[in-house]
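A closer look at the structure
Residues per chain are reported as follows:
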Amino acid sequence: EPEVTQTPSHQVTQMGQEVILRCVPISNHLYFYWYRQILGQKVEFLVSFYNNEISEKSEIFDDQFSVERPDGSNFTLKIRSTKLEDSAMYFCASSPLGRAENTIYFGEGSWLTVV
Amino acid sequence: GQQVMQIPQYQHVQEGEDFTTYCNSSTTLSNIQWYKQRPGGHPVFLIQLVKSGEVKKQKRLTFQFGEAKKNSSLHITATQTTDVGTYFCAAGNSGGYQKVTFGTGTKLQVIP
């Protein structure tokens, strides 16, 4: 079964450093998402991406965050200057086009620890 | 913003007992999705409900969408240790494919 893949699975970074989390969505999907989950808390929406642009973003997704689809397969989340509170599991997800097919398929996540 | 609350936050059951988690929204929902997250894992889609009053079953799992489309429930009959995890409801917005807002989750522990 096709799946969303994410790298790295775990990254430790110093506060203030830039981090890039990478994702390969399911190949025939057109909508891409980033979510995050702080340890023990609920899953929070960050951003959705369609047709090479952001379609919606949450208040969490401030100027330190950016997303990019640099080629036909990868979808990246960049955090410019990490803060301690950015420590979380970051999930990439994708979904096929269409209202009736809006199931969101999640990757296994990238665990980010900011020290 | 949209608020999606779930109760209970935690539930411990003896293996074989039933389990129910309830999901309530502050607004009318276009659809509701349910996800299961095993400890240390990622959310896995279980089901989507769209119609008012809809009931769907998956083996021992029964999902309901309220008549007013503001609440939903997941009921597990005769729990097994493999049911352990956190169950999240997630509210789809009117566009459906844009984003979902996750509920607070119910963490289920099954005691063998």
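Scroll up to find the structure.
This write-up is about the structure you can find in this document. (Residues numbered from 1 in each chain as written. Chains lettered and ligands numbered in written order. Predicted model: local features only at pLDDT ≥ 70, side-chain atom pairs only at ≥ 80, totals over all residues. Heavy atoms only, no water.)

A short note on the overall build of chain A
Across its full length, chain A carries zero helices and eleven strands. Listing every helix and strand of chain A by position from the N terminus yields β-β-β-β-β-β-β-β-β-β-β. In terms of overall size, chain A behaves like a compact globule, its C-alpha atoms giving a radius of gyration of 13 Å where 115 residues would be expected to give roughly 13 Å. Oriented by its inertia axes, the alpha-carbon framework of chain A measures out at about 40 × 25 × 25 Å. When contacts within chain A are restricted to residue pairs at least 6 apart in sequence, those whose partners lie at least 24 apart make up 53%. Surface accessibility of chain A: about 5,800 Å² in total, with carbon and sulfur atoms responsible for 46%. Treating the 9 positive side-chain charges of chain A as one cloud and the 15 negative ones as another, the clouds have centres 4 Å apart. (Helix = DSSP H or I, 4+ residues; strand = E, 2+ residues; numbered from the N terminus. Rg over C-alpha atoms; globule rule 2.2 N^0.38 Å. Contact = heavy atoms within 4.5 Å. Areas by Shrake-Rupley, 256 points an atom, 1.4 Å probe, with all protein chains shown as cover. Lys, Arg positive; Asp, Glu negative; His and termini not counted. Charge placed at Lys NZ, Arg CZ, Asp CG, Glu CD.)

Considering the sheet that holds strand β3 (residues 19-24) of chain A
Strand pairing in a sheet relies on backbone hydrogen bonds, with the paired strands running either antiparallel or parallel. Residue and element names in this part refer to chain A. Ordered in space as β1-β3-β8-β7, the four strands form an open sheet in which the pairing is antiparallel. Edge positions in the sheet fall to β1 (5-7) and β7 (65-68), since each has one partner strand and no second. Taking each pair of neighbouring strands and ignoring which way they run, the sheet shows an average axis angle of 20 degrees. Two elements, β7 and strand β8 (residues 75-79), share four bridges in a ladder whose sense is antiparallel. (Pairing = 2+ DSSP bridges. Axes fitted to C-alpha atoms, helices over the stretch in contact; angles between N-to-C directions.)

Some points on the sheet that holds strand β6 (residues 55-58) of chain B
Residue and element names in this part refer to chain B. Judged by pairing direction, the sheet is antiparallel, and its five strands sit side by side in the order β1-β3-β8-β7-β6 without closing on themselves. Looking at strand neighbours, the two that pair on one side only are β1 (4-7) and β6, the edges of this open sheet. On average, each strand axis in the sheet is inclined to that of its neighbour by 15 degrees, with strand direction left out of account. The sheet contact formed by β6 and strand β7 (residues 61-65) spans four bridges and is antiparallel.

Re the state of the cysteines
Here, disulfide denotes a covalent bond that connects the sulfur atoms of two cysteines. Residues and elements named next belong to chain B. As enumerated under the stated definition, the model contains two disulfides over all chains in all. There is a disulfide in this structure between C23 and C89, and the S-S distance comes to 2.0 Å. Where C23 bonds to C89 through sulfur, the torsion about that S-S bond is close to 75 degrees, and the disulfide is right-handed. Taken together, the residues span a long stretch of sequence, with C23 in strand β3 (residues 19-25) and C89 in strand β9 (residues 85-92) at a distance of 66 residues. Overall, the relative accessible area of 1% leaves C23 in the buried class. (Disulfide = S-S within 2.5 Å. Buried < 20%, exposed > 50% of the residue type's maximum accessible area, 1.4 Å probe, protein only.)

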